[in-house]
Amino acid sequence: MRYNRLYKDNNFLTPTTYTQTLSEYAANLKYEDIPPEVVERAKMILLQTIGVTLGAKGTPIYKKALRMAKEANGGAGGATTMWGTGEKLSAINAALALGTASDALDWEDCSWTGHPAAGVIPCAWLAAEERHRSGKDLITAIVAGYEVYQRIAMAVQPSDERWKKKGWGLTSWQIFACILPVAKLYGLDARQINQAIGMGCECSTLPVAYHATTMSDFYHYEHGYRARDGFCIAKAVEKGIRNNRDALDEPRCYTGVICGNDGSNGSGETTIRSEEADLSWLTKELGQRYLIMRTLLKHWPANMWVQTPVEIISDLVQREGFGPEDVEEIIVDPPVRARMWAPDEGFTSVTHAQFSIPFVIASFLYDPHPGAHWYTPERMKDPKRIALAKRVKAGPSPEESPMSSFKQFREERGFPMKTITVKLKDGRTFVEKMDCHPGHPDNMMSREQFADRFRVQAAPVLQGEALEKALDTLCRIEEVEDISTLDGLLG
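Residues numbered from 1 in each chain as written. Predicted model: local features only at pLDDT ≥ 70, side-chain atom pairs only at ≥ 80, totals over all residues. Heavy atoms only, no water.

A. Structural detail: the overall build of the protein. For the protein, the helix and strand inventory stands at 20 helices and 10 strands. Here the C-alpha atoms of the protein give a radius of gyration of 22 Å, agreeing with the 23 Å that 2.2 N^0.38 yields for 491 residues. Across its three principal directions, the C-alpha atoms of the protein cover 75 × 55 × 40 Å. Across the protein, contacts joining residues at least 24 apart in sequence account for 75% of those joining residues at least 6 apart. When the accessible surface of the protein is summed, it comes to about 18400 Å², and 49% of that surface belongs to carbon and sulfur atoms. One way to put it: in the protein the 57 positive side-chain charges average out to a point 3 Å from where the 64 negative ones average out. (Helix = DSSP H or I, 4+ residues; strand = E, 2+ residues; numbered from the N terminus. Rg over C-alpha atoms; globule rule 2.2 N^0.38 Å. Contact = heavy atoms within 4.5 Å. Areas by Shrake-Rupley, 256 points an atom, 1.4 Å probe, with all protein chains shown as cover. Lys, Arg positive; Asp, Glu negative; His and termini not counted. Charge placed at Lys NZ, Arg CZ, Asp CG, Glu CD.)

Structure, rendered in structure tokens:
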């Protein structure tokens, strides 16, 4: 076995084996080794992600991604099935469409590092379908994907200062959420998975988040690009790529570059100079602590920091029975930086609207049934909704930074406490507080709650007996012997 040597201050450090350790974990993980509560969480993440992908059908993002995939495919035909239409495509091209659609409504999951479900789930399902793997194989690949992805992503999380300068490039490390489940279901051994991780390092995008500045919906398509690349890389390794191993142990490669290391000490030797990469995360409690259990599942189709304010409004409406025309003012305290906008001209993209606490609250008040219809071009510029959004105002506390809140989430210190004050035109005032909304790891939804949400999410595609059959099958996916036999299940 070849190991890369690491240097610091011109001195040799002990050779590291991070990449190989992760690869062996993924290759050797067995369904029987996974605790029952982890199996259940993987199944609920599968259910949620499929539901929100079906919910995106009919959106421009879904339609464009499907057209791109079919064009790349040379028309319909292939071994895997598009959720929502039943059309057949090759796995690579279906991954492009489903990876995009899984993130289109910003409704899947949110780990400490991004949205792994938009990569893990479509890639795992498509690889299982393509290779006739079982439901147990599917669950095992999901768990392997989450555990390896999350550790790589945690190792390269930027400091607050670097985040301010360069952004938070979550779609950079998203590629590992896509490679690992495919590699696992393709039966690659540890050496091959090591190669695949190395190729992922080289194919990773730059660690920037330009969409956070532009609010471009290209952000959603990036998840589809990473899913497609995950298949390309796994297939290339399967065909025989060599000499690309141990990339996480090489400072001139992923961890050093992402974290700003220049990889040189001036004498031609490799150095570790960045203090930002915490490489201990790569194998921290691997096989003992399941980081998939710390993944947040969103209750509403919106940005993570919009979830709690909307949840509070939902609870108040159910209890007090007011509607949009009754509202004089809503105060969010503390407000969240870059999440309080309500432009006079409306919103320029789905992403722009999904990141707005005022707009999502207004959308809920006018239509409490969540879905893609909140983000039609007409509604994103609807004068009534914009006017109501402008009555959602920032409270007196200092703005919270999304990244500082993420730090609190990562350190498992709960979740930011939000206070919502609703003032009605009749003089009544309601004040409600919440930190961990339903779906947060510390307030996780029950299976029944996930099932009820799936019924809402999947409604654009599945109704009646077809919906209940899909729900029942997904909740018992470990009993399925061959995922390819379910090709008509999801529309």
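B. Looking closely at the layout of surface pockets. Size it by volume and the largest pocket reaches roughly 530 Å³. Along the walls of the largest pocket sit 28 residues, with Trp163, Trp168, Ala212, Arg339 and Phe355 positioned nearest its centre. Elements with a minimum of two residues in the lining of the largest pocket: α7 (160–166), α10 (211–214) and α18 (402–410). Its residues assigned to classes, the lining of the largest pocket comprises 16 nonpolar, 6 polar and 6 charged. Its volume calculated, the second largest pocket comes out at about 310 Å³. Considering the residues around the second largest pocket, the lining is formed by 19 residues, among which Pro60, Asp217, Val350, Tyr375 and Met380 are closest to the centre. (1 Å grid on protein atoms, 1.4 Å probe; cavity = no way out; pocket = protein on both sides within 12 Å on 5 of 7 lines; lining within 4 Å. Points joined across faces, edges and corners; volume = space filled by probe spheres on them. Nonpolar A, V, L, I, M, F, W, Y, C, P; charged D, E, K, R; others polar.)

C. A look at the side chain of arginine 339. Topologically, arginine 339 is positioned in the loop between β7 (327–333) and α14 (350–354). As a buried residue without a salt bridge, arginine 339 has its nearest oppositely charged side chain in aspartate 106, at a separation of 7.9 Å. A distance of 2.9 Å separates the side chain of arginine 339 from the side chain of asparagine 303, its partner in a polar contact. (Buried < 20%, exposed > 50% of the residue type's maximum accessible area, 1.4 Å probe, protein only. Salt bridge = Lys/Arg side-chain N within 4 Å of Asp/Glu carboxyl O. Polar contact = N/O pair within 3.5 Å; in protein donor to acceptor, adjacent residues only side chain to side chain.)

D. Layout of the packing of helix α3 (residues 60–73) against helix α11 (residues 218–240). α11 packs onto α3 with a crossing angle of 35° between their chain directions and a minimal axis gap of 11 Å. The chirality of how α3 crosses α11 is right-handed. Facing Pro60, Ile61, Lys64, Ala65 and Met68 of α3, the residues of α11 in contact are His220, Tyr221 and Tyr225. When the residues that make up the contact of α3 with α11 are grouped by side-chain class, the tally is 6 nonpolar, 1 polar and 1 charged. (Axes fitted to C-alpha atoms, helices over the stretch in contact; angles between N-to-C directions. Left-handed = near helix turned anticlockwise from the far one by under 90°.)

E. Molecular detail of the packing of aromatic side chains. Under the defined criterion, the tally for this structure stands at 16 aromatic pairs. An angle of 70° between the planes, with centres 6.3 Å apart, marks the rings of tyrosine 186 and phenylalanine 231 as edge-to-face. Note that tyrosine 186 is positioned in the loop between α8 (170–185) and α9 (190–203) and phenylalanine 231 in helix α11, a separation of 45 residues in sequence. Accessibility assignment for this pair places tyrosine 186 and phenylalanine 231 in one class, buried. (Phe/Tyr/Trp six-rings, centres within 6.5 Å; stacked < 30°, edge-to-face > 60°.)

F. Quick look at unusual backbone geometry. For the peptide bond that leads from aspartate 333 to proline 334, omega is -5°, which places it in the cis range. The topology assignment puts proline 334 in the loop between β7 and α14. A positive phi is found at aspartate 106, a non-glycine position, where the angle reads about 55°. Along the chain, aspartate 106 falls in the loop between α4 (91–103) and β5 (109–110). Of note in the backbone geometry, aspartate 246 takes a positive phi value of approximately 60° without being a glycine. Relative to the assigned elements, aspartate 246 resides in the loop between α11 and α12 (254–258). With relative accessibility at 2%, the residue aspartate 246 sits in the buried group.

G. Spotlight on the sheet that holds β7. Pairing is mixed in the open sheet, where 4 strands are placed in the order β8-β7-β9-β10. Each edge of the open sheet carries a strand with a single partner, namely β8 (392–394) and β10 (429–434). Each strand axis lies, on average, 20° off the axis of its neighbour in the sheet, ignoring direction. Across the sheet, helix α13 (residues 307–320) lies against β7, β9 (418–424) and β10, angled at about 135° from β10, the strand it touches most. Packing of helix α15 (residues 357–366) onto the sheet brings it into contact with β7 and β8, and relative to β7 it is tilted by some 135°. (Pairing = 2+ DSSP bridges.)

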